[in-house]
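Here's the letter readout for the chains.
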Amino acid sequence: MRQPRDKPLKLLLEEWKKAFKFNDRIVEISLVEVWERIVGIQIANQTHTLKFNKGILTVKVKSAPLKNDLFYMRTSLMQKINAEVGQELVKNVIII
């Protein structure tokens, strides 16, 4: 029988992630995986240093023409990433 102080495992893990600030790092890792699925392997290989901080995804690009293309696609990329993750995590995409 469940005691009143018992909590579901999912809730305990969420509390644990928040207490030890693992949530941001987990989100950053999942965004790297999502990025590769959305832009494809070839473009993902041309980008490096994906950083996520406070809703801003920063992507460093090796090639100037690709940087220009991604700059104009950033709103679409942001929407696709948020749809893939299932919540509105990315509020802005910066291409450098």
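Cut-offs applied
- The residue numbering used here restarts from 1 in each chain and proceeds along that chain's sequence as written.
- Local features in this predicted model are restricted to residues of pLDDT 70 or higher, and side-chain atom pairs are both shown and tallied only at a pLDDT of 80 or more, whereas totals for entire chains, interfaces and linings draw on every residue.
- Hydrogens are left out, water is left out, and the side-chain values use all remaining heavy atoms of the structure.
- Numbering goes from the N terminus for both helices and strands, where a helix is a DSSP run of H or I of at least four residues and a strand is a run of E of at least two.
- Contacts are assigned to residue pairs with any non-hydrogen atoms lying within 4.5 Å of each other.
- The criterion is simple. A nonpolar core is a set of buried Ala, Val, Leu, Ile, Met, Phe, Trp, Tyr and Cys residues joined through side-chain atoms within 4.5 Å.
- The classification of residues rests on relative accessible area computed with a 1.4 Å probe and restricted to protein chains. Under 20% of the type maximum is buried, over 50% is exposed, and intermediate values are partly exposed.
- Confidence scores here are pLDDT values: one per residue, from the predictor, ranging 0 to 100.
- Any two strands with at least two DSSP bridges between them are considered paired.
- Each axis is a line fitted through C-alpha atoms, and for a helix only the stretch in contact is used; angles between axes span 0 to 180 degrees, taken between their N-to-C directions.

With respect to the secondary-structure elements, N82 resides in helix α4 (residues 64-85). Ignoring sequence-local partners within four residues, the contact set of N82 consists of Q87, E88, L89 and V90.

Core analysis: the biggest nonpolar cluster contains 20 residues, and W35, L57 and V90 have the highest contact counts within it. Of all elements in the fold, only α2 (23-39), β1 (47-53), β2 (56-61), α4 and β3 (92-95) reach the threshold of two or more residues within this core.

Looking at the protein, pLDDT values average 85 and 89% of them are 70 or higher. Ranking the helices and strands of the protein by mean pLDDT puts β3 first, with 94, and helix α1 (residues 9-19) last, with 77.

Another point: the sheet that holds β2. Sheet architecture is open: 3 strands sit in the order β1-β2-β3, paired in mixed fashion. Strand pairing shows two members of the sheet lacking a second neighbour, β1 and β3, which therefore form its edges. Averaged over all pairs of adjacent strands, the angle between their axes in this sheet comes to 15°, without regard to strand direction. Contacts from α4 reach β1, β2 and β3 within the one sheet, and its direction differs from that of β3 by about 160°.

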